[in-house]
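# Observations on the model geometry
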Amino acid sequence: MEATRRRAATGSRPTRWTRGRAGSTAIPTSSGQRAATLWYHDHAHHMEAEHVFRGLAGFFLIDDPAQAELRLPTGNHDIPIMLRDARFADDASLIFEHDDFQFRNTILVNGKPQPYFPVAARKYRLRFVNASNLRTFTLRLGNDAEVAQIASDGGLLAGPTPIRSWSLTPGERVEIVVDFGAFPVGSQVFLDDAVAGPVLRFDVNRAAADTSRVPDRLSTIPALPAATKERAFTLNFNPATGQFLINGQQFDAERVDTEIKRNTTEVWTVTNGDTLFGIPHNFHPHLVQFRVLARNGQPPAPGEAGVKDTISVGPGETVRLQATFGPYLGRYVYHCHMIDHSASGMMAQMKIVP
């Protein structure tokens, strides 16, 4: 599989999409890991927010022979897209300050502002990751075209879900299939964000044969085993100290907050308690992926019904998650993936024990 990367933008001219293998990795699946669009980034505590802001992140694509049988778009028609926001000084150097969301007003797509990407009039698989520190993207094609969501953080959904817009909090992934054959050759199709406006232009510049498809059945979602324990977690901001906390505590690398037996299954109820200031959060555990049982007491939307590892939790919202912890022993963190928040303390530590 080929992957995409982007060169640094030069000047203010429109910049064309470039292809290559640098900046992302594709490997075959191993036992216990579903094929998925994953990513990696720096995690040095108190410095992770600045390091990720400055670019220490990349794609990590897990492949699966079963996907080849589905005949989804592949090769040059399977495109990873990393979205993030940035703040630049007059000399084009990056400016980093914690929690300065309102000033990070340049949107980068694989490293370039408002690039264009020539496409054929056929189907493409687009793999999105939100690599921003704090920004949520709500995306749609400019003509409000319907697309098929085929995957989330942990890989393929059971079946495709027709959508006209999709949201990603930091760390989340969404995969869609777009049929550019629905547009005449010569069309320009814009990817728009609800706040930032156009972030990427697709130029439909040629006809093409297309044997790819989006089948009605994509994968079998792993069954949910019986849970043996329930836990509750509250995410909130302390205005007196300026700290972001989980269950009232700031992260301490010397403290274990949660001890879990290996290979047991638990249900976690995660609540965003920041109703006074209306601060959004999300939730991301290391080691495990999970299933969403409910959001605010209601079943998950189709796009959240697969396997995930990062979930949005808006102010006052509650989500219930189920995960099986293992096979590895040791200490792992769970945290808000609005990474300025985790860098300021909204992280805790679990220990998997025999």
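Residues numbered from 1 in each chain as written. Predicted model: local features only at pLDDT ≥ 70, side-chain atom pairs only at ≥ 80, totals over all residues. Heavy atoms only, no water.

## Some points on the sheet that holds strand 16 (residues 188-193)
Spatially, the five strands line up as an open sheet ordered 9-17-16-11-14, and their pairing is mixed. The sheet terminates laterally at strand 9 (116-121) and strand 14 (166-168), the two strands that pair on one side only. Averaged over all pairs of adjacent strands, the angle between strand axes in this sheet comes to 30°, irrespective of strand direction. With six bridges joining them, strand 9 and strand 17 (residues 197-207) adopt parallel strand pairing. Within strand 17, the residue paired with A120 across the bridge is R206. (Pairing = 2+ DSSP bridges. Helix = DSSP H or I, 4+ residues; strand = E, 2+ residues; numbered from the N terminus. Axes fitted to C-alpha atoms, helices over the stretch in contact; angles between N-to-C directions.)

## A closer look at the pattern of salt bridges
Under the defined criterion, the tally for this structure stands at 18 salt bridges. Here D85 ties to R135 by a salt bridge, and the two come within 2.9 Å at their closest N and O atoms. Of this pair, D85 sits in strand 6 (residues 78-86) while R135 is found in the loop between strand 10 (123-130) and strand 11 (137-141), placing the two residues 50 residues apart along the sequence. The residues D85 and R135 share a single accessibility class, namely buried. A salt bridge links E172 to K308; its shortest N-O distance comes to 3.0 Å. Taken together, the residues span a long stretch of sequence, with E172 in the loop between strand 14 and strand 15 (173-179) and K308 in strand 24 (residues 307-308) at a distance of 136 residues. For K308, a relative accessible area of 3% translates into the label buried. Through salt bridges with shared partners, a single ionic network connects D78, R125, R127 and E175. (Salt bridge = Lys/Arg side-chain N within 4 Å of Asp/Glu carboxyl O. Buried < 20%, exposed > 50% of the residue type's maximum accessible area, 1.4 Å probe, protein only.)

## A few points about the pairing of strand 28 (residues 347-353)
Two faces make up the sheet, and in a regular strand the side chains alternate between them. Within strand 28, six of the seven residues are buried, leaving the element largely enclosed by the surrounding structure. With four bridges connecting them, strand 20 (residues 258-261) and strand 28 associate as parallel partners. When the bridges of strand 28 are listed, E259 appears paired with K351. Pairing geometry for strand 27 (residues 330-335) and strand 28, over six bridges, is antiparallel.

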